[in-house]
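# Overview (structure and organization)
Spelled out from the first residue to the last, the chains are:
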Amino acid sequence: MGGSPHADPAERSPIARLFYRDWRPTRFGRWVNQLEGRWAALGLPPKAMAALEVRGRTSGRTRSTAVAIATVDGQSYLVSMLGRRSEWVRNVEAASGDAVLRHG
């Protein structure tokens, strides 16, 4: 499974498999992420969503993706459904955290 020692969490749910396979978003998942990113950038509900813009580590082009924001003890955190292997996480790490969150 993608060279990972851990099982893909999306494989546990038939609905999740529509969006993710082998630790990667499916074509449908990418389309939904783009739609959610545009929606979140406008500031529309849910408030736990935002659009993250970061420079791609290989192409250098600005990439935008929808991200979930979790609040724990008053602190906000970005959540990656795929963990550190997620492309947006790797791009943010390569950009040394230089990214923009858009919400409204």
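Described in the following lines is the structure provided in the data block. Predicted model, so just to flag it, every value in this text is computed and none were measured. Residue positions are given per chain, counted from 1 along the sequence in the order it is written. Local features in this predicted model are restricted to residues of pLDDT 70 or higher, and side-chain atom pairs are both shown and tallied only at a pLDDT of 80 or more, whereas totals for entire chains, interfaces and linings draw on every residue. Side-chain measures were taken over the full set of non-hydrogen atoms in the model, leaving aside hydrogen atoms and water.

For the rest of this paragraph, the subject is the nonpolar core. By nonpolar core is meant a set of buried Ala, Val, Leu, Ile, Met, Phe, Trp, Tyr and Cys residues that side-chain atoms within 4.5 Å join together. Note on classification: 1.4 Å probe, protein chains only; a residue is buried when its accessible area is under 20% of the maximum for its type, exposed when over 50%, partly exposed between these limits. Core analysis: the biggest nonpolar cluster contains 8 residues, these being Ala50, Leu52, Val54, Val67, Trp88, Val89, Val92 and Ala95. Listing elements by their share of this core, those giving two or more residues are β3 (49–55) and α3 (87–94). Only DSSP runs of H or I with at least four residues qualify as helices, and only runs of E with at least two residues qualify as strands; both kinds are numbered from the N terminus onward.

Counting buried residues in β3 gives 5 out of 7 residues, a clear majority hidden from the surface. With 7 bridges connecting them, β3 and strand β4 (residues 62–72) associate as antiparallel partners. Its bridge partner lying in β4, Glu53 is registered against Ser64. Paired strands are those between which DSSP finds at least two bridges. Linkage of β3 to β4, two consecutive antiparallel strands, is achieved through a turn of 6 residues, within which Gly60 is found at a positive phi near 80°.

Time to look at the packing of aromatic side chains. Aromatic rings from Phe, Tyr and Trp, taking only the six-membered ring of Trp, are treated as a pair when their centres fall within 6.5 Å; an angle between ring planes under 30 degrees marks them as stacked, one over 60 as edge-to-face, and anything in between as tilted. In total, this model carries 1 aromatic pair according to the counting rule given. Ring centres 6.1 Å apart and planes at 25° place the aromatic pair Phe28 and Trp31 in the stacked group. One end of the pair, Phe28, and the other, Trp31, are both in helix α2 (residues 27–41), 3 residues apart, so they sit about a helical turn from each other. Overall, Phe28 belongs to the partly exposed group, its relative accessible area being 39%.

Inspection of the secondary structure assignment puts Gly29 in helix α2. Classification of Gly29 as buried rests on a relative accessible area of 2%. On a C-alpha basis, the gap between Gly29 and Arg17 in space is 9.1 Å, while along the polypeptide they are 12 residues apart. With residues near it in sequence (within four places) discarded, Gly29 still touches Leu18 and Phe19. Contacts are residue-level and defined by heavy atoms, with any inter-residue pair within 4.5 Å sufficient.

Within the element layout of this structure, Trp88 appears in helix α3. On the basis of relative accessible area, Trp88 is assigned to the buried category, the value being 14%. Placed 23 residues apart in sequence, Trp88 and Thr65 show a C-alpha to C-alpha distance of 7.4 Å. If we skip the residues at most four places from it in the chain, Trp88 touches Leu52, Thr65, Val67, Leu78, Val79 and Ser80.

This paragraph deals with the pattern of salt bridges. When a carboxyl oxygen of Asp or Glu is within 4 Å of a side-chain nitrogen of Lys or Arg, the pair counts as a salt bridge. Scanning all chains against the criterion turns up 3 salt bridges. For the salt bridge of Glu87 with Arg57, the shortest nitrogen-to-oxygen distance reads 2.6 Å. A residue pair is termed long-range when its members are at least 10 positions apart, and Glu87 in helix α3 and Arg57 in the loop between β3 and β4 qualify at 30 residues. Overall, the relative accessible area of 31% leaves Glu87 in the partly exposed class. Each of Arg57, Glu87 and Arg90 takes part in a single network of salt bridges with overlapping partners.

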